[in-house]
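Coordinate inspection notes
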Amino acid sequence: MEDPRFCAHCGAPLARAQGRPSCQRCGRVSYLDPKLAAAAMVTVDGRLLLVRRAIEPAIGKWSFPSGYVDRGEVVEAAVAREVREETGLEVAVNWLVGLYSRAGNAVVLAVYDVRVRGGEMHPGVEAMELGLFDPGSLPDLAFEHDMAIVEDWLRTRTSRTRR
Ligand SMILES: [Zn+2]
């Protein structure tokens, strides 16, 4: 995601002032918010559902069903929408696994454990194929933090089922 180059108010070029893009003409600061994405940990018969990505970044690699949350959209609704679009399944959120962010990266990822309520599994337009994998033997995942997410997910799952 690139920083904006021109002022949204008057169209003049922006320059950095105290770390933030500021307009050289009207002086307004362009606040750069993080971008929220949501991902789902979906299991079918005890196996983790992964999507083989048909789009960049990480085209051809496996990852969790995920996507950006629209402004004004409830995050849990966004995760269900992304799962529906990418896998055809209808899901409901169980719990938040964690929030993932990194320095210098605009994207904040909210990861949820979800349960399948219906639908039929078929890959959407952003997926080459769908796969079900044993959580203990997953393929190479698309993003750096994906394995840490799987470990966190397994930990939250164990603590939930122990109650
Ligand atoms: Zn301006």
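The structure displayed is predicted, hence computed values, not measured ones. (Residues numbered from 1 in each chain as written. Predicted model: local features only at pLDDT ≥ 70, side-chain atom pairs only at ≥ 80, totals over all residues. Heavy atoms only, no water.)

Taken together, Cys7 (SG), Cys10 (SG), Cys23 (SG) and Cys26 (SG) make up the protein donors of the zinc ion, found 2.3 to 2.4 Å from the metal. Given 4 donor atoms and angles of 98 to 121° at the metal, the environment of the zinc ion is assigned as tetrahedral. If you list the donors of the zinc ion from N- to C-terminus, the spacing comes out as C-x2-C-x12-C-x2-C. Of the two residues, Cys7 is situated in the segment before strand E1 (14–17) and Cys26 in the loop between strand E2 (20–23) and strand E3 (35–41); the sequence distance between them amounts to 19 residues. Assessed through its relative accessible area of 6%, Cys7 is described here as buried. By relative accessible area, Cys26 is classed as partly exposed at 36%. (Donors = N, O, S within 2.8 Å, 3.2 Å for Na, K, Ca; no water. Tetrahedral: all angles 85-135°; square planar, octahedral: opposite > 155°, others 65-115°. Helix = DSSP H or I, 4+ residues; strand = E, 2+ residues; numbered from the N terminus. Buried < 20%, exposed > 50% of the residue type's maximum accessible area, 1.4 Å probe, protein only.)

What follows concerns the sheet that holds strand E9 (residues 107–119). Think of a sheet as strands paired side by side through backbone hydrogen bonds, with each pair either parallel or antiparallel. With mixed pairing, the 4 strands of this open sheet are ordered in space as E7-E3-E9-E8. At either end of the open sheet lies a strand with only one pairing partner, and these are strand E7 (66–68) and strand E8 (89–100). Strand-to-strand twist across the sheet, computed as the mean angle between neighbouring axes with direction ignored, equals 30°. When E3 meets E7, the two strands line up antiparallel, connected through 3 bridges. Of the residues in E7, the one forming a bridge with Ala39 is Ser66. Against the sheet, helix H1 (residues 75–87) touches E3, E7, E8 and E9, its axis set at about 125° to E8. (Pairing = 2+ DSSP bridges. Axes fitted to C-alpha atoms, helices over the stretch in contact; angles between N-to-C directions. Contact = heavy atoms within 4.5 Å.)

Domains assigned within the protein are domain 1 (1–32) and domain 2 (35–162). With centres defined by C-alpha atoms, the gap from domain 1 to domain 2 works out at 34 Å. (Domains from an automatic or database assignment.)

One pass over the structure, following the stated rule, counts 1 aromatic pair. Ring centres of Trp62 and Phe133 lie 4.9 Å apart, and the angle between their planes is 75°; on these two criteria the pair is classed as edge-to-face. Placement of Trp62 in strand E6 (residues 62–63) and of Phe133 in strand E10 (residues 127–133) is noted, with a sequence separation of 71 residues between them. Neither residue differs from the other here; Trp62 and Phe133 are each classed as buried. Just above the ring of Tyr68 sits the side chain of Lys35; from NZ or CZ to the centre is 4.3 Å. For Arg157, the ring lying beneath its charged end belongs to Trp153, and the centroid distance is 4.5 Å. (Phe/Tyr/Trp six-rings, centres within 6.5 Å; stacked < 30°, edge-to-face > 60°. Lys NZ or Arg CZ within 6 Å of the ring centre and 35° of its normal.)

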